[in-house]
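Read off the chains here:
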Amino acid sequence: MRGALATLFMLTLLGLAAGSARAAEGPDVVVLKDGRRVQGTIIREDENAVFLRVENGEERGIARLRIDKIIKGAGGAGVQAAEKAPVGPAPGPAAQQPVPEPKLNEPNNDLQAETNAIYQQLVDLGHSRKDKRKAAMDRAKELGFRALPILLAIFHPKQRTTPELRIGALRALVELAPLDQMGAETLGYVAMKDPDAEVRREACHAIKAMKETRSMNYLLIFSVSEDKRLQYQAAKALREIDDERAFSTLAMQIPQPEVQNANPDARGTTREIELPVGPLSTKTTVFLPEGPVAGTMTNISSPMADALKIISGKDLGNFQGVWVNWVLEKIGATSQKDRDEAYKKRSIKDRTGSPAHAP
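All of the points below concern the structure found in this document. (Residues numbered from 1 in each chain as written. Predicted model: local features only at pLDDT ≥ 70, side-chain atom pairs only at ≥ 80, totals over all residues. Heavy atoms only, no water.)

This part covers the pairing of strand β2 (residues 37-45). As defined by bridge partners, strand β1 (residues 28-32) adjoins β2 across four bridges and the pair is classed as antiparallel. Within β2, the residue paired with Val 30 across the bridge is Val 38. Between β1 and β2, which pair antiparallel in sequence order, lie four residues; one of them, Gly 35, sits at a positive phi of approximately 95 degrees. Of the strand pairs in this sheet, β2 and strand β3 (residues 49-53) are connected by four bridges, and their pairing is antiparallel. Of the residues in β3, the one forming a bridge with Ile 42 is Leu 52. The hairpin formed by β2 and β3 contains three residues between the paired strands. (Pairing = 2+ DSSP bridges. Helix = DSSP H or I, 4+ residues; strand = E, 2+ residues; numbered from the N terminus.)

Here's what the structure looks like:
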């Protein structure tokens, strides 16, 4: 009996010593090739990545291609050596077999592993929990430009991603601004073509927040398209963005109507009429044409005016001056009252459109 108690006492002491040793080891540290260090507890490893549990309890996967070395139990003064992390497959029976060379028609395995590891760090951008979304956003900021290709690939039509993930990816792109040309055009595409209305609205808000001119140029091209479906989608996106630069661009590009040979048989008479000017009166000459009117008129309508009709929800015609006034009123540069006051200041001759060479 006494021998059994002694044995149990020794086992307890050994267990306490082992626990104390593990506590003294401290967290594991993964040193990346760019010099950064990630602390946590290694919970599992495979041939492509190492998975750590960080301080806030989240699990994080790091591709082996990014790892320079792994220091296990790096806390305290008990660290004596650093263990070099293998770049290839993890040690084991499979690592002893020769690795066949990839064929030309197969994707690069290393690149695929890196892509999958980054995607796993960003997939919580669409999580229902706020803390998960915030942690994924912080990882996106930490990855920087390396996260951009993955974020843009989320919007590919062949990718079956949830609307929540696409909205989270759009917010991450805003945090990583400025974007390159592909990123800016992707925002314009999503604002037009995403199947979910909330995702399209979020893309418009992202373009407005960044004042991304290249995205608006992308939308302007399709807003004057002959394809009415594309024109409607682009115009609705521009309406949601609500940037006066796009509206003024469309308004100033409306061509003026042109009339050619309106009256080939130019015949008529002239007569003088009196115009009241204050207490006095003056006379001016008016030409009264006669004969048939035959000719052609071009630029009666234009895609720019059609786009503005969709944007404004009003049919104000096809004349440039009308839409320029609409833009000025929209941005607060003028009002109907200002135009009325300006009209009152004009002379009777200007109001009636009479020739300026009156005697």
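In the structure shown here, the tally under the stated rule is 15 salt bridges. Among the salt bridges present, the one from Asp 138 reaches Lys 134, with a minimum N-O distance of 3.4 Å. Highlighted residues: Asp 138 and Lys 134, both in helix α3 (residues 130-143), separated by four residues, approximately one helical turn. Close ionic contact of Glu 175 with Lys 141 constitutes a salt bridge, the shortest N to O distance being 3.7 Å. Of this pair, Glu 175 sits in helix α5 (residues 163-175) while Lys 141 is found in helix α3, placing the two residues 34 residues apart along the sequence. (Salt bridge = Lys/Arg side-chain N within 4 Å of Asp/Glu carboxyl O.)

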